[in-house]
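Geometric and topological summary
Listed below are the residues making up each chain.
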Amino acid sequence: MTSGEQIGAALAKALKSAAAEWKKGEQAPVMYRTNLSDVPKVDGLKRDDGWVDMQVQFLIDKKSAGANHVVGWTVLKPGARHVNHRQHNCDEFFIVLKGKGMIYTDHGDKPSSEGDVVYSPSGCWHGFNNTSTEDVVLVWGWMGAGSIEDSGYEVHPESNK
């Protein structure tokens, strides 16, 4: 058998197997797509819980896409911040798409600017403060939790003092 025939046979076998599984009542995976303009801002995020004047959108999450992760979009106006916090049940990353400010770290506040990519493993304290006069735009994600409730979100005890 030629390599092309082997690939074709393997593909046919895989498709036949997938079709058999779907016939058993399992649904085929379905892509989820949305647009930033179609996703509402999250309501009910409280200052006391560390969400200070933030505009947050959950683009992909358990509720919208059945996902076990979250992809979010946040705009921090000048003076807005996400206080020092951590998630016990998921890792987090964020990318600074626009603007600059300060990142809260275990080693004090550190400057951050456009292009920074930050990864915080579960249990690691972190946050962001827009100390500039311009908007900061972040795209971020929680890997391993599809909602705030699932994330094990906790505000640092010193943050609201």
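Now for a look at the structure at hand. Quantities reported herein were computed from a predicted structural model and do not represent experimental measurements.

1. Some remarks on the environment of Val-136
- Mapped onto the secondary structure, Val-136 falls in strand β8 (residues 136–143).
- Using a relative accessible area of 0% as the deciding quantity, one classes Val-136 as buried.
- Through-space distance from the C-alpha of Val-136 to that of Thr-74 is 8.1 Å; in sequence the pair is 62 residues apart.
- When sequence neighbours within four positions are dropped, the list of residues in contact with Val-136 reads Thr-74, Val-75, Leu-76, Val-96, Lys-98, Gly-99, Lys-100, Phe-128 and Asn-130.

2. Details of the pattern of salt bridges
- As enumerated under the stated definition, the model contains four salt bridges in all.
- In this structure, Asp-53 and Arg-47 form a salt bridge, with 3.0 Å as the shortest nitrogen-oxygen distance.
- The exposure class of Asp-53 is partly exposed, given its relative accessible area of 47%.
- Among the residues examined, Arg-47 registers a relative accessible area of 46% and is labelled partly exposed.
- Note that Asp-150 is salt-bridged to Lys-62, the shortest N-O span being 2.4 Å. Separated by 88 residues along the polypeptide, Asp-150 in helix α3 (residues 148–151) and Lys-62 in helix α2 (residues 62–65) bring together distant segments of the chain.
- Exposure remark for Asp-150: the relative accessible area of 28% places this residue in the partly exposed category.
- The exposure class of Lys-62 is partly exposed, given its relative accessible area of 43%.

3. A look at the packing of aromatic side chains
- Enumeration over the complete set of coordinates arrives at five aromatic pairs.
- Centroid distance Trp-51 to Tyr-153: 5.3 Å. Interplanar angle 20°. Geometry classified as stacked. Here Tyr-153 lies in strand β9 (residues 153–155) and Trp-51 lies in strand β1 (residues 51–60), a separation of 102 residues in the sequence.
- In this structure Tyr-153 comes out as buried when scored by relative accessible area, which is 19%.
- Seen in terms of ring centroids, Phe-58 and Trp-142 are 5.9 Å apart; in terms of plane orientation they differ by 70°. Their pairing is edge-to-face. Residue Phe-58 is located in strand β1, and its partner Trp-142 is located in strand β8; the two are separated by 84 residues in the primary sequence.
- Chaining the aromatic ring pairs together yields one cluster made of Phe-58, Trp-140 and Trp-142.

Conventions and cut-offs
Residues numbered from 1 in each chain as written. Predicted model: local features only at pLDDT ≥ 70, side-chain atom pairs only at ≥ 80, totals over all residues. Heavy atoms only, no water. Helix = DSSP H or I, 4+ residues; strand = E, 2+ residues; numbered from the N terminus. Buried < 20%, exposed > 50% of the residue type's maximum accessible area, 1.4 Å probe, protein only. Contact = heavy atoms within 4.5 Å. Salt bridge = Lys/Arg side-chain N within 4 Å of Asp/Glu carboxyl O. Phe/Tyr/Trp six-rings, centres within 6.5 Å; stacked < 30°, edge-to-face > 60°.

Any functional reading would require information that these geometric values do not contain.
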